[in-house]
Amino acid sequence: MRRILLALSLLFAGSARCRSGDADEEQHLGQEQQHLEPLDRGPYFDTSFSHNVTALVGTTALLNCRVHNLGQRTVSWVRHRDIHLLTVNKETYTADNRFVPMHFPRTEDWSLEVRSPQPRDSGMYECQVSTTPPIGHSMHLSVVEPVTQILGDTDMYINRGSTMNLTCVVLHSPEPPPAISWTHDEKEINYDSPRGGVTVITEKGEQTTSYLLIQRAQPADSGKYTCHPSNANTQTVTVHVLNGEHPAAMQHGGQLRLSNPPFVVMLATLLAFRNHRLP
């Protein structure tokens, strides 16, 4: 009898160990499966690829919306100003054909292209995903029109032999103009002409400034000078080089004295000193 009871206890113990081993293996497999298949958190926005946008008038603006784990849900663009539905997925829901949805297969980017934007298009736009309830991410579009200014009055009077300085400033441009050129009476200024003493200095940044310096101004230097930024409107000033007259609007090269940074003043002084020493 003792032998029978001992055999039965060994049999049950082996069976229990087997079941325990199976449970451990199942738990281990479950952990591996959970590691391989992370919990789906649902759609969410990657805000590092969805920024506010500043665009020039007339140039295409692109608002980008990157959505992860979208699944079968739809992506819409809504304009906040009038709560107007613009697009759903790749379909347009507005009569204004300047608004175009953009999406390339196998990507997570759903973009809104605004063609020929105008200042009135500035404002908030929201990318929405059709979850329950819907989720959204808003971006601001700023449509700007660069402004060109030549500092001072539209007519400048300077003395013969003094330094003429014209200061052209480009404002409200999202990026510096690639180039700024100057013309005199509609002819492009040749900085290497035999006349000499003509220099242009351009500082690029949030506000781009171009300085046109003309040493030893002569009556032949009178006329219309126009600043031509490559991405903004032009601006013109009329210069009068006088032979000793002193009208009330006389500036005596005042722009150089009033508005220019020290390095421009120093450069003009050095050029004038050098030219004075030349035979």
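Everything discussed here concerns the structure shown above.
Here's what I pulled together on the structure shown here. (Residues numbered from 1 in each chain as written. Predicted model: local features only at pLDDT ≥ 70, side-chain atom pairs only at ≥ 80, totals over all residues. Heavy atoms only, no water.)

### Some thoughts on the overall build of the chain
Part 1 of the argument: Along the backbone of the chain there are three helices and 19 strands.
Part 2 of the argument: Per-residue burial for the chain yields a buried fraction of 38% across its 279 residues.
Part 3 of the argument: The long-range share in the chain, meaning contacts at least 24 apart out of those at least 6 apart in sequence, stands at 62%.
Part 4 of the argument: In the form shown here, the chain has an accessible surface area of approximately 17,100 Å², with 55% of it arising from carbon and sulfur atoms. (Helix = DSSP H or I, 4+ residues; strand = E, 2+ residues; numbered from the N terminus. Buried < 20%, exposed > 50% of the residue type's maximum accessible area, 1.4 Å probe, protein only. Contact = heavy atoms within 4.5 Å. Areas by Shrake-Rupley, 256 points an atom, 1.4 Å probe, with all protein chains shown as cover.)

### Comments concerning the pairing of strand 5 (residues 84-88)
Part 1 of the argument: One ladder, built from four bridges, connects strand 4 (residues 75-79) with strand 5; its direction is antiparallel. If you follow Val 78 over to strand 5, its bridge partner there is Leu 85.
Part 2 of the argument: Taking the residues that link successive antiparallel strands as the turn, the strand 4-strand 5 hairpin has four residues, and the phi of Ile 83 there is positive, at about 50°.
Part 3 of the argument: Pairing analysis gives two bridges linking strand 5 to strand 6 (residues 91-92), with the strands arranged antiparallel. (Pairing = 2+ DSSP bridges.)

### Some thoughts on the sheet that holds strand 15 (residues 187-188)
Strand pairing in a sheet relies on backbone hydrogen bonds. The paired strands run either parallel or antiparallel.
Part 1 of the argument: Spatial ordering of the open sheet is given by 12-19-18-14-15, a layout of five strands whose pairing is mixed. Each edge of the sheet is formed by a strand with only one pairing partner; in this case those strands are strand 12 (155-159) and strand 15.
Part 2 of the argument: Sheet analysis places strand 14 (residues 180-184) next to strand 15, joined by two bridges and oriented antiparallel. If you follow Thr 183 over to strand 15, its bridge partner there is Glu 188.

### Looking at the state of the cysteines
Part 1 of the argument: Counted according to the given criterion, the structure contains two disulfides.
Part 2 of the argument: A disulfide bridge connects Cys 65 with Cys 127, and the sulfur atoms are separated by 2.1 Å. Because the sign of the S-S torsion sets the handedness, a value of about -80° for the bond joining Cys 65 and Cys 127 places this disulfide among the left-handed ones. Note that Cys 65 is positioned in strand 3 (residues 61-68) and Cys 127 in strand 9 (residues 123-129), a separation of 62 residues in sequence.
Part 3 of the argument: With relative accessibility at 0%, the residue Cys 65 sits in the buried group.
Part 4 of the argument: Residue classification places Cys 127 among the buried residues on the basis of a relative accessible area of 0%.
Part 5 of the argument: Between Cys 168 and Cys 227 runs a disulfide, and the two sulfur atoms are separated by 2.0 Å. Disulfide Cys 168 to Cys 227: torsion about the S-S bond roughly -80°, handedness left-handed. Remark: Cys 227 occurs in strand 18 (residues 223-229) and Cys 168 occurs in strand 13 (residues 164-171); sequence separation between them is 59 residues.
Part 6 of the argument: Its relative accessible area of 0% is what places Cys 227 among the buried residues.
Part 7 of the argument: Within the chain, bonded cysteines paired by disulfides and numbered along the sequence follow the pattern 1-2, 3-4. (Disulfide = S-S within 2.5 Å.)

Honestly, it's all geometry; don't read function into it.
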